[in-house]
Amino acid sequence: MNKTAWQNFQQQYLNLPELDMSLDTSCMNAPHILPHELENLFSSAFQQMQQLEAGSLANPDEKRMVGHYWLRNPELAPTVEIKNIINNTLEKIINFAAEIHQLKLQPQKAAAFQNVLLLGIGGSALGPQFVQNAFASENDRMQFYFLDNTDPDGIDQVLNKLGKGLAETLTLVISKSGATKETRNAMLEVRQVYEKSGLEFAKHAVAVTAEHSQLDLLAKKENWLRRFPMWDWVGGRTSIFSAVGLLPAALQGLDLNNFLSGAKIMDELSRQTDVCKNPAAVLAWMWYHAGGGRGEKAMVLLPYKDRLLLFSRYLQQLVMESLGKEKDLTGKTVNQGLTVYGNKGSTDQHAFVQQLREGPANFFVTFIEVQKDREGQSLEIEPEATSGDFLQGFLLGTREALYQSGRTSLTITIEELNTKTLGALIALFERAVGIYALLIGINAYHQPGVEAGKRAAGAVIELSQKIQKHLQSQPEQQFTAPDLADALGESAKTTIIFQLLLHLAANNRLQKFSDDNPFSTRFQAN
Ligand code: PA5
């Protein structure tokens, strides 16, 4: 590295000794100081972040406060009630995990709960999956299984893996709204398997959900083992420090206090109003710089650490569900977003990194480096070179090669991956999303697209039910898709009806009589 590059590096290297972490933006080709035109945007964003943390209705569409920062520092909560409920819930989580681990709470027909089966989707699953995977070890207090979909075959795969272990399985049903169909379906399927095994579901089930939700009412009525609250001031994708993330982490045996304290420290560092010293602001600035405040470049996440494999999936939701918005806060159509994808290094150097190096320069990379390779000494694979040295070599080499060909990147380095640094990493991105959303003037805390998807599926299910009822009402008759569409008065939906019929037939729920012309295929009730 020549002297100029070394100087540039020093100017664009933010050291965070409190967290043994650093942020290097020297390969982003950004100016050393905040451009004048962004100063006002940032000072307004900082003000709004302050108001948000003080309890303003920062999610205007849903008229809700945005309180995930209080979860790691309850003293910040705007009311004593909120502060107390956060503290009480944390205590309840720790006590519950201790009861399970110390066999004070036992399953109906086995000596101990050995497994956790977590049912949830989106913000109610991605965080727990990420954390569990990041710290999975032979010291885990319990084995984890996840169902985060309504795919019958996926459900069977997991339940078959559990097999007789179901009797020793604690099922966590996590859904803030308590009405998400994928989670409800998984719950009903799992419940049936417990019952078929002569086990009462309620004696193995725990709910994490908003008070008075459908799920909450069910869990209360059936007297499930426990119910943990979710609140309207915590969004799904920022719920990892609520019971959604903390309960599974406690059951795994992780240190919740360190996890929370890493996030709290990052929050404190990211409240500074000097942009260049504020890690989340620097990140938001780099996103703005890379994509012109329009998300014109995708963020490719490359952690060179297997344990961080699920970070890109986690961040994909956090960033894209928060920033991908049609309208800005004034109601103007803006179609904002920031595309996130990634996996891990160096593995991806044998996959999509080929295109990063030579294809369109429509991205910037976020490298994550973990300095400590492993517990204990490493084998020298070659003289003075371990596997970990190679891992770092691949990161630094790729970064340099990308930079030489005009592809920018930033690098977050942590000395060691532990619950504290992971908490800090998550908080860093949560705050960067919050600040960036304010720079571009959008509401990061609602998800109208997700809600629309939920409603659209409901309409399709209704149509499928109508089809089946109609066929059953005329059991002797065969219908083509257009015949049926006419009969139902749904001609505009003939294509969907055709697809629904094929799916029902593939699952032996009606008979199919094929024709040479696939569009003349006839269908009849069984
Ligand atoms: O971030 C979000 O709001 C969503 O991704 C939700 O987490 C997801 O839709 C699941 O919702 P719920 O927790 O209500 O089941």
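What comes next is a walk through the structure. (Residues numbered from 1 in each chain as written. Predicted model: local features only at pLDDT ≥ 70, side-chain atom pairs only at ≥ 80, totals over all residues. Heavy atoms only, no water.)

## Remarks on the pairing of strand E4 (residues 143-147)
A regular strand carries its side chains on alternate faces of the sheet.
In step 1: For E4, a buried count of 4 out of 5 residues is recorded, marking the element as mostly surrounded by other parts of the structure.
In step 2: Two strands pair when backbone bridges link them, and strand E3 (residues 115-119) and E4 are joined in this way by 5 bridges, in the parallel orientation. Bridge pairing links Asn115 to Gln143 in E4.
In step 3: Handedness of the E3-helix H4 (residues 126-135)-E4 crossover: right-handed. (Buried < 20%, exposed > 50% of the residue type's maximum accessible area, 1.4 Å probe, protein only. Helix = DSSP H or I, 4+ residues; strand = E, 2+ residues; numbered from the N terminus. Pairing = 2+ DSSP bridges. Right-handed = clockwise from strand over helix to strand, strands pointing away.)

## Things to note about the state of the cysteines
In step 1: With the rule as written, the count across this model stands at 0 disulfides.
In step 2: The closest cysteine sulfur to the non-disulfide-bonded Cys27 is located on Cys276, 17 Å from its own sulfur. (Disulfide = S-S within 2.5 Å.)

## Quick notes on the sheet that holds E4
In step 1: Pairing within the open sheet is parallel, and its 5 strands lie in the order E4-E3-E5-E6-E7. The open sheet has two edge strands, E4 and strand E7 (226-230), and neither has a second partner. For this sheet, the mean angle separating the axes of adjacent strands, direction not counted, is 20°.
In step 2: For strand E5 (residues 169-174) and strand E6 (residues 205-210), the ladder comprises 4 bridges, and the chain directions are parallel. Across the sheet, Thr171 pairs through a bridge with Ala205, a residue of E6.
In step 3: Its contacts with the sheet put helix H8 (residues 243-252) on E3, E4, E5, E6 and E7, and the angle it makes with E5 is roughly 165°. (Axes fitted to C-alpha atoms, helices over the stretch in contact; angles between N-to-C directions. Contact = heavy atoms within 4.5 Å.)

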